[in-house]
Amino acid sequence: MTKIRVAVNGYRTIGKRVATAIAAQDDMELVGVTKTRPTFEALTALDKGYDLYVPEESVKAFNDAGVRIAGTLQDMYKKVDIVVDCTPGNVGEFYRDQYKAAGVKAIFQGGEDHALAGTSFNSTANYSESWGAQFSRVVSCNTTGLLRTLNPIDRVNKIQNAFVTIVRRAADPGDSKNGPINGLEPSVKLPTHHGPDVQSIMPWLNISTMAVKASTTLMHLHTIVAQLERETTTEEILAILEKAPRVRLVSSKDGIKTTAQIMELARDLGRDRSDMYEIVVWRDGIKVVGNTLYMYQAVHQESDVIPENIDCIRSMCKAEQDVAASVAKTNAALGIPQKN
Ligand code: NAD
């Protein structure tokens, strides 16, 4: 089997997890990762056996620091089929022209606008729309979370309106710059961009979102109120989510009362970097009254988009036509329970 040759541009929160996930797939080869500076993360990548590629202007800094590089980004483009761009939001535009000129495919992340790639991706909702594409974008962590649960529900019982409040983590655990470290900060630009981002994949969905930044680094939490086309029951919604890929149902009665216990669960599961790839829904936090659904879900912002990046590679590189087969393969490699 010819393996898909993949590189990761931007190696920190998302990029290092994507790199680990690529290295775990038997149909992909991780050609290398890029760093702009010879930080501890560059050294860790070398320790893991990954080749380092750097922009031309960074070569001297790496040579001066005695950190071994395999070449420049231009050298890297010659060896790959696809680059997963995990640079910070709004940097992708700079690279898109390079990818185009080099004739390589690229996946951008949720910090970029939909227009940059022209196609947005979520495994469950629209796997086939990125089939053979040169560019695609894996939507943000929050959007991925909303699509993982709302899309399967909408397929069974059309959502007329969804109102979502996103309680956002203020910073990632490895980030000592962002905040607030004390206080709650509402997003005053309303409605927030998360609704339109979901619509980049489900354009028919009426969804309105608000967001509040909270002094936590662990996870985001969504409160969802959705009006459905027809009256339903809590049990019917539970049955849909039991079957939904990469959705984990937990119960506060079992002691999972906060995002802290969810992260403890991820540690107990022995996940790489203690990641929780699934969207976590409180079973006893789901309530249906008539045709109105109320629920809570938690999103591990550092990792929920990782399996989506892997499936997106397969779709864009025409490696697996069947979404269920790609999801199952990715899940098996990452230790995510498979649902049938
Ligand atoms: P990050 O800041 O943790 O990592 C970005 C990496 O890119 C860093 O190593 C940085 O040094 C490097 N970089 C910066 N400029 C570069 C350049 N010009 N060329 C090459 N590398 C460069 O960012 P992140 O949190 O991993 O976010 C990456 C993307 O993923 C963004 O679009 C973001 O919106 C999206 N995303 C982030 C999260 C999250 O919670 N962190 C979740 C989902 C999606």
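Residues numbered from 1 in each chain as written. Predicted model: local features only at pLDDT ≥ 70, side-chain atom pairs only at ≥ 80, totals over all residues. Heavy atoms only, no water.

Q: Help me understand the environment of V327 in this model?
A: Here V327 shows up in helix α13 (residues 323–334). A residue is classified by how much of its surface remains accessible, and V327, at 9% relative accessible area, is buried. Those residues within four positions of V327 in sequence are excluded, and the remaining contacts are S123, P245, R246, D311 and Q338. (Helix = DSSP H or I, 4+ residues; strand = E, 2+ residues; numbered from the N terminus. Buried < 20%, exposed > 50% of the residue type's maximum accessible area, 1.4 Å probe, protein only. Contact = heavy atoms within 4.5 Å.)

Q: Hey, could you run me through the site of the ligand in this one?
A: Near the ligand lie 20 residues; those nearest to it are T13, I14, Y95, R169 and D172. The separation between an oxygen atom of the ligand and a polar side-chain atom of R12 is 3.0 Å. One of the side-chain N or O atoms of R169 is found 2.9 Å from an oxygen atom in the ligand. Per-class residue counts for the shell around the ligand are seven nonpolar, nine polar and four charged. Domain assignment of the residues forming the shell around the ligand places at least three in each of domain 1 (4–139 + 305–334) and domain 2 (141–299). (Near = heavy atom within 4 Å. Polar contact = N/O pair within 3.5 Å; in protein donor to acceptor, adjacent residues only side chain to side chain. Nonpolar A, V, L, I, M, F, W, Y, C, P; charged D, E, K, R; others polar. Domains from an automatic or database assignment.)

Q: What is the right way to read the domain arrangement of the protein from this model?
A: Interface size, as often reported, equals the accessible area lost upon joining of the parts. Each domain of the protein was delimited in the assignment, giving domain 1 (4–139 + 305–334) and domain 2 (141–299). Taking only C-alpha atoms, the centre of domain 1 and the centre of domain 2 are 26 Å apart. Buried surface at the junction of domain 1 and domain 2, both sides included, amounts to about 1,800 Å², of which 51% is carbon and sulfur. Three residues stand out in domain 1 for area buried against domain 2, namely R17, T124 and V139, and they jointly supply 29% of the buried area on that side. Taken together, domain 1 and domain 2 are joined by five salt bridges. Where domain 1 touches domain 2, the interface holds 12 residue pairs in polar contact (both at pLDDT 80 or more). Elements with a minimum of two residues in the side of domain 1 that touches domain 2: α1 (13–23), β7 (120–121), α7 (123–126), α12 (306–316) and α13. Its residues assigned to classes, the side of domain 1 that touches domain 2 comprises nine nonpolar, 10 polar and six charged. (Buried area = accessible area lost by both parts, 1.4 Å probe. Salt bridge = Lys/Arg side-chain N within 4 Å of Asp/Glu carboxyl O.)

Q: How should I be thinking about the pattern of salt bridges in this particular structure?
A: Close approach of charged atoms lets side chains of opposite charge pair. According to the stated counting rule, one finds 22 salt bridges in the structure shown. Between R137 and D197 there is a salt bridge; the shortest N-O distance is 2.7 Å. Highlighted residues: R137 in strand β8 (residues 135–138) and D197 in helix α9 (residues 194–199), separated in sequence by 60 residues. We note that R137, like D197, is buried.

Q: For this particular structure, what's the right way to read the packing of α1 against α12?
A: What describes two packed helices is the angle between their axes and the distance between those same axes. In the contact formed by α1 and α12, the axes pass within 9 Å of each other and the chain directions differ by 55 degrees. Considered as vectors, α1 and α12 are oriented oblique to each other. In the packing of α1 onto α12, the handedness of the crossing is right-handed. Across the interface between the two elements, I14, R17, V18, A21 and I22 from α1 touch I306, N309, I310 and I313 from α12. Considered class by class, the residues forming the contact of α1 with α12 number seven nonpolar, one polar and one charged. (Axes fitted to C-alpha atoms, helices over the stretch in contact; angles between N-to-C directions. Parallel < 35°, antiparallel > 145°, perpendicular 65-115°, else oblique. Left-handed = near helix turned anticlockwise from the far one by under 90°.)

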